[in-house]
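Secondary and tertiary structure notes
Listed below, chain by chain, are the residues.
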Amino acid sequence: MKIILLGAPGSGKGTMAQKLTGELQIPQISTGDIFRKNLKEATPLGLQIKDILDSGGLVPDEITIEIVKNRLAEPDCNNGYILDGFPRSIVQAEALETFQNIDCAINLSVDKQIIVSRLSGRRFCPDCNGTFHISALSDPEVCPVCGGKLIVRKDDREETVLERFRVYETTTLPLIDFYARRGKLITVDGSGGIDVVYERILNALNK
Ligand code: AMP
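Residues numbered from 1 in each chain as written. Predicted model: local features only at pLDDT ≥ 70, side-chain atom pairs only at ≥ 80, totals over all residues. Heavy atoms only, no water.

Describing the sheet that holds strand E3 (residues 81-84)
Pairing is parallel across the open sheet formed by 5 strands, whose spatial order is E2-E3-E1-E4-E7. Of all strands in the sheet, those bounded by a partner on one side alone are strand E2 (28-30) and strand E7 (185-189). Taking the axes of each pair of neighbouring strands and ignoring which way they run, one obtains an average angle of 25° across the sheet. Strand contacts of helix H9 (residues 194-206): strand E1 (2-6), strand E4 (104-109) and E7, with the helix running at about 155° to E7, the strand carrying the most contacts. (Pairing = 2+ DSSP bridges. Helix = DSSP H or I, 4+ residues; strand = E, 2+ residues; numbered from the N terminus. Axes fitted to C-alpha atoms, helices over the stretch in contact; angles between N-to-C directions. Contact = heavy atoms within 4.5 Å.)

Looking at the site of the ligand
Close to the ligand lie 16 residues; Thr-31, Arg-36, Gly-57, Gly-85 and Gln-92 are nearest. Residue Thr-31 places a side-chain N or O atom 2.7 Å away from a nitrogen atom belonging to the ligand. Residue Arg-88 places a side-chain N or O atom 3.0 Å away from a nitrogen atom belonging to the ligand. Examining the composition of the shell around the ligand, we find that 4 residues originate from one element, helix H2 (residues 31-40), more than from any other. (Near = heavy atom within 4 Å. Polar contact = N/O pair within 3.5 Å; in protein donor to acceptor, adjacent residues only side chain to side chain.)

Re the pattern of salt bridges
What the rule picks out here adds up to 15 salt bridges. We note a salt bridge from Asp-177 to Arg-181, for which the minimum N-O separation is 3.4 Å. Here Asp-177 pairs with Arg-181, and both are found in helix H8 (residues 174-181), just 4 residues apart, close to one helical turn. When its relative accessible area of 59% is taken as the criterion, Arg-181 is described as exposed. When salt bridges with common partners are traced through the structure, they connect Lys-50, Asp-54 and Lys-154 into a single cluster. (Salt bridge = Lys/Arg side-chain N within 4 Å of Asp/Glu carboxyl O. Buried < 20%, exposed > 50% of the residue type's maximum accessible area, 1.4 Å probe, protein only.)

Observations regarding the side chain of Asp-54
With respect to the helices and strands, the residue Asp-54 is situated in helix H3 (residues 44-55). Accessibility expressed as a relative area gives 19% for Asp-54, which makes it buried. One polar contact links Asp-54 to Lys-50, side chain to side chain, over a distance of 2.8 Å. Setting aside residues up to four positions removed in sequence, Asp-54 forms contacts with Lys-154 and Thr-160.

Details of the packing of aromatic side chains
The tally for this structure, following the rule as stated, stands at 1 aromatic pair. A ring pair is formed by Phe-178 and Tyr-179, whose centres lie 4.9 Å apart and whose planes are at 75°; its orientation type is edge-to-face. The two residues Phe-178 and Tyr-179 agree in class, both being buried. The ring of Tyr-198 has Lys-19 sitting right over it, with the charged end atom 5.0 Å from the ring centre. Looking at Arg-36, its charged tip hangs above the ring of Phe-124, at a distance of 5.8 Å from the centre. (Phe/Tyr/Trp six-rings, centres within 6.5 Å; stacked < 30°, edge-to-face > 60°. Lys NZ or Arg CZ within 6 Å of the ring centre and 35° of its normal.)

Read these as geometric descriptors, not functional statements.
Rendered as structure tokens:
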């Protein structure tokens with residue numbers, strides 16, 4: 001299956017993509033992870049996009065589209081994939097249509113207030129790329145998976161979160177209508193615990 005996960009920053013796309021990837025045995029393609037890896041490794045791309053990521057803006061479409069196009073052409077994507085964080089604009093969605101035929105776009109719908117609380121409590125492990133919420137951690141500084149030191153992602157700081165929201169509402173939200181018009185939109189209530197939301201997604205996919 002070729003699945004897109006849509007939703008505001010903090011709606012749970014990454015968490016749900018990770019669970020789906022295990023269940024469906026198809027890769028999770030996260031543009032945010034790809035960009036953060038480049039940033040961490042200080043590649044030419046990483047240096048080019050550092051300020052954009054730090055400020056909560058969007059990496060230019062032509063760069064992002066090229067990266068996704070190449071990634072989806074790799075053999076592990078032959079049986080499908082879960083796109084997490086792409087497309088994020090109509091231009092990206094239209095470009096995607098020219099080289100891939102996706103099955104559905106799942107929109108995780110979550111109240112803005114819940115999201116702000118999720119993001120402000122979010123901690124990230126730069127060693128294993130895990131994301132956790134402080135409410136589920138016995139030690140808010142230590143990664144429960146690999147023991148690495150947890151950090152607050154720069155783009156989870158309050159001023160950046162607000163900017164990411166603004167960008168989401170102006171540029172990404174129109175994608176809901178884009179996929180609805182193509183009969184490919186599945187809307188799932190993204191509020192509640194991880195397992196509850198995941199069940200809703202599986203039920204929706206089974207239909
Ligand atoms: P995420 O982890 O998906 O929230 O992405 C982190 C950051 O990477 C975003 O705030 C953007 O700066 C950048 N990014 C991720 N995906 C895209 C995309 N599809 N288009 C442009 N920028 C992106």
